[in-house]
Amino acid sequence: MKAKIKILGSTPGYDLAAGDYDAREAYLDGFEKEKFLSLLGDIKNKKILDVGAGTGRLSVRLSKMGASVTALDVSEKMLAKLKSKSNKIESVIGDAESLPFPDNSFDIVVAAFLIVHLKDPRRFFDEAYRVLKEDGVLAVTNINQKEPPEIKTQDGVIKIESYYHRPERVRGLLEELAFGVEREVFVRTGENWVNQILIAKK
C-alpha cells in the first residue's frame, strides 16, 4: 500500500526540502525561460528585496548583476543554504504578509514562486507596495499550478500547500492596490500558459 503523502505548510515543508532544493534549479528556471530577470532592466546599485528567496536562485544572480539584495524567506534552512553561496546578500527570516522593513525601503521587490503559497496574495501585494520607494517596481510570477508537485526529502515524499490563482485576478488585485501594471508576459508550453510574469509600478 502506497504511503500517504504529507501536505505541509511553507515553513516546515521548505525546511525539509532545503537539503536537495538546489537540484531543482533548472526545473524552476524552466518556468521563466530567462524572461523574468531581463524585464527588470539595469539594476546596478538598486536595493532589491527578494521575497520567498529560498536558497538564493534569484538573489545570487541579482547580486552578481550589481544590486544590493536582501533575501527574505520563512525557512531558516533554505536561507542557510543561501548564506553559504554569498556573503554579500542580507538574509532575513520573515513572512511575506508582514514584511519586517520600514516604508519606502526598496527600489524593487521580486517574488518568484511565492504567491502560489498564499491563499490570498492581497496582503503581500499591500506590504510590497508599502516597502517600495516611490516609483518602485514589483516583479511577481504566478505559476499555473493546480496541484502541488511531489518533493522528495530525507523524511519521505511531501507536498507543500499551494493555491491556484487565475491570471486576471492577480492582475486585478495589483491594480486595485494602485499598482500600475507595466508588463504582463506569459510563458507558454504549446497553447497552455505555465507562468504569468507581471511588472508593476508603485
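Just so it is clear, the structure is predicted and the values come from calculations on it, not from any experiment.

Peer 1: In this structure, what is going on with unusual backbone geometry? I would like to understand it.
Peer 2: As a rule of thumb, non-glycine residues mostly have phi less than zero, and peptide bonds are mostly trans rather than cis. Of note in this structure, Glu34 is not a glycine but carries a positive phi near 65°. Take Glu34: it is sitting in the loop between α2 (25-29) and β2 (47-51). In the Ramachandran plot, Asn45 falls in the positive-phi region, its phi being about 70° despite a non-glycine side chain. Along the polypeptide, Asn45 turns up in the loop between α2 and β2. Note on Asn45: relative accessible area 64%, which makes it exposed.

Peer 1: It is not clear to me how the pattern of salt bridges should be interpreted in this structure. Could you clarify?
Peer 2: Two side chains that carry opposite charge are able to pair once their charged atoms sit near each other. Summed over the entire model, instances satisfying the criterion amount to 17 salt bridges. Measuring nitrogen to oxygen at the nearest pair gives 3.4 Å for the salt bridge that ties Asp107 to Lys133. One end of the pair, Asp107, is in strand β5 (residues 106-111); the other, Lys133, is in strand β6 (residues 132-143), with 26 residues separating them in the sequence. Using a relative accessible area of 28% as the deciding quantity, one classes Lys133 as partly exposed.

Peer 1: For this particular structure, what's the right way to read the packing of aromatic side chains?
Peer 2: To describe a pair of aromatic rings, you give the distance between the ring centres and the angle between the ring planes. As enumerated under the stated definition, the model contains 7 aromatic pairs in all. Pairing Phe101 with Phe106 gives two aromatic rings, centres 5.2 Å apart and planes at 90°, and the pair type is edge-to-face. In this structure Phe101 comes out as buried when scored by relative accessible area, which is 13%. When its relative accessible area of 3% is taken as the criterion, Phe106 is described as buried.

Peer 1: I'm lost on the pairing of β5 in this one. Help?
Peer 2: Within a regular strand, side chains alternate between the sheet's two faces. Along β5, 5 of the 6 residues are buried, which leaves the element largely enclosed by surrounding structure. Direction of pairing for β2 relative to β5: parallel, over a ladder of 3 bridges. Considered in β5, the bridge of Asp50 is made with Val110. The β-α-β motif built from β5, the intervening helix α5 (residues 122-131) and the parallel element β6 has right-handed crossover chirality.

Rules behind the numbers
- Residues numbered from 1 in each chain as written.
- Predicted model: local features only at pLDDT ≥ 70, side-chain atom pairs only at ≥ 80, totals over all residues.
- Heavy atoms only, no water.
- Helix = DSSP H or I, 4+ residues; strand = E, 2+ residues; numbered from the N terminus.
- Buried < 20%, exposed > 50% of the residue type's maximum accessible area, 1.4 Å probe, protein only.
- Salt bridge = Lys/Arg side-chain N within 4 Å of Asp/Glu carboxyl O.
- Phe/Tyr/Trp six-rings, centres within 6.5 Å; stacked < 30°, edge-to-face > 60°.
- Pairing = 2+ DSSP bridges.
- Right-handed = clockwise from strand over helix to strand, strands pointing away.

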